[in-house]
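# Close look at the chain arrangement
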Amino acid sequence: MRRTGALFALVSAGLMTDAARGVEERREEHDVVGVWDIDGEVFRIDFERAIENEYAGMPDVLRVHVKSEAELKIEQMLGSGGAYAEFRPGGRVIFHSPGGAPSAGSWSLEGERIRFEREARLDGEPGYDGTVEEDVMRVEPDPDLPLTVPLTLRRR
C-alpha cells in the first residue's frame, strides 16, 4: 500500500512539474482527422457581436444595412445548418457548405495549435488558427482583417 501511494505521489509530482515548467501539450493527427461541423449558432452570435463592435459609431440605418448584407452571406455559407470540414490524414481538408461545391485546403498542427485555410482563397479570405480540445475546435481568422469572427467546430 505504501509503495502504491509513493508511486502515485511521484507520478503526480512529475506531472505537476511538467505543467509548472509550461510543457506544451501536443496534439496528434488523430486528434484532428474526422468530420467537424461548424457551430452555426455560435458563429451567428459572434458575428453579430463583431458587427456591433466594428460599426458601433456608424449611423443605425447604415449599420442595419451592413448587418443584413452580412447575414445574407452567412446564410449562403451556413444555410440552415450543414456546413462542415472534413479533416483528412496528411494535412488535407475539404470544406463543405450547403448549396456550394466542396473546396480543398490544408491543415497543420504545431503543439496544440491548428492552422487551416482554403487553397483557392478569395481576396481578403482568412486562414484560421486556434486550438483543439477534445471534440471542440476553436479558431480565429487571421488578425489583419478588418472584421474577424471566430469559428467553433464540433467533432461529428
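Here is a short report on the structure shown in this document. (Residues numbered from 1 in each chain as written. Predicted model: local features only at pLDDT ≥ 70, side-chain atom pairs only at ≥ 80, totals over all residues. Heavy atoms only, no water.)

### Focus on helix 2 (residues 40–54)
- Taking 1.5 Å of rise per residue, 15 residues should cover 21 Å, and helix 2 covers 20 Å from first to last C-alpha, within 8% of that figure.
- For helix 2, every residue scored as buried is listed here: Gly40, Phe43, Asp46, Phe47, Ala50 and Ile51. Along the long axis of helix 2, the arc covered by the buried residues comes to 140°, so they all point the same way. Helix 2 presents Glu41 and Asn53 as exposed residues on the side facing more than 90 degrees away from its buried surface.
- Looking at where helix 2 begins, the residue whose side-chain oxygen comes 3.3 Å from the main-chain nitrogen of Glu41 is Asp39. (Helix = DSSP H or I, 4+ residues; strand = E, 2+ residues; numbered from the N terminus. Expected span 1.5 Å × (residues − 1). Buried < 20%, exposed > 50% of the residue type's maximum accessible area, 1.4 Å probe, protein only. Arc of directions from axis to C-beta. Polar contact = N/O pair within 3.5 Å; in protein donor to acceptor, adjacent residues only side chain to side chain.)

### Quick notes on the pattern of salt bridges
- In the structure shown here, the tally under the stated rule is 14 salt bridges.
- A salt bridge links Glu52 to Arg63, with the nearest nitrogen and oxygen atoms 3.4 Å apart. Of this pair, Glu52 sits in helix 2 while Arg63 sits in helix 3 (residues 60–78), placing them 11 residues apart in sequence.
- The buried category is assigned to Arg63, whose relative accessible area is 15%.
- Across the pair Asp60 and Arg63 runs a salt bridge whose closest N-O atoms are separated by 2.7 Å. Of this pair, Asp60 and Arg63 both sit in helix 3, 3 residues apart, roughly one helical turn.
- A single salt-bridge network, built from bridges that share partners, covers Arg115, Glu117, Arg121 and Asp142. (Salt bridge = Lys/Arg side-chain N within 4 Å of Asp/Glu carboxyl O.)

### A word on the environment of Leu153
- Locating Leu153 in the fold gives a position in strand 8 (residues 151–155).
- The sequence separation of Leu153 and Asp39 amounts to 114 residues, and the corresponding C-alpha distance is 5.6 Å.

### Concerning the sheet that holds strand 1 (residues 34–38)
- Spatial strand order, 1-2-3-4-5-6-7-8: 8 strands in a closed barrel with antiparallel pairing. The sheet shows a mean angle of 30° between the axes of neighbouring strands, direction not considered.
- Here strand 1 pairs with strand 2 (residues 84–88) via 4 bridges, running antiparallel. Considered in strand 2, the bridge of Trp36 is made with Ala85. (Pairing = 2+ DSSP bridges. Axes fitted to C-alpha atoms, helices over the stretch in contact; angles between N-to-C directions.)

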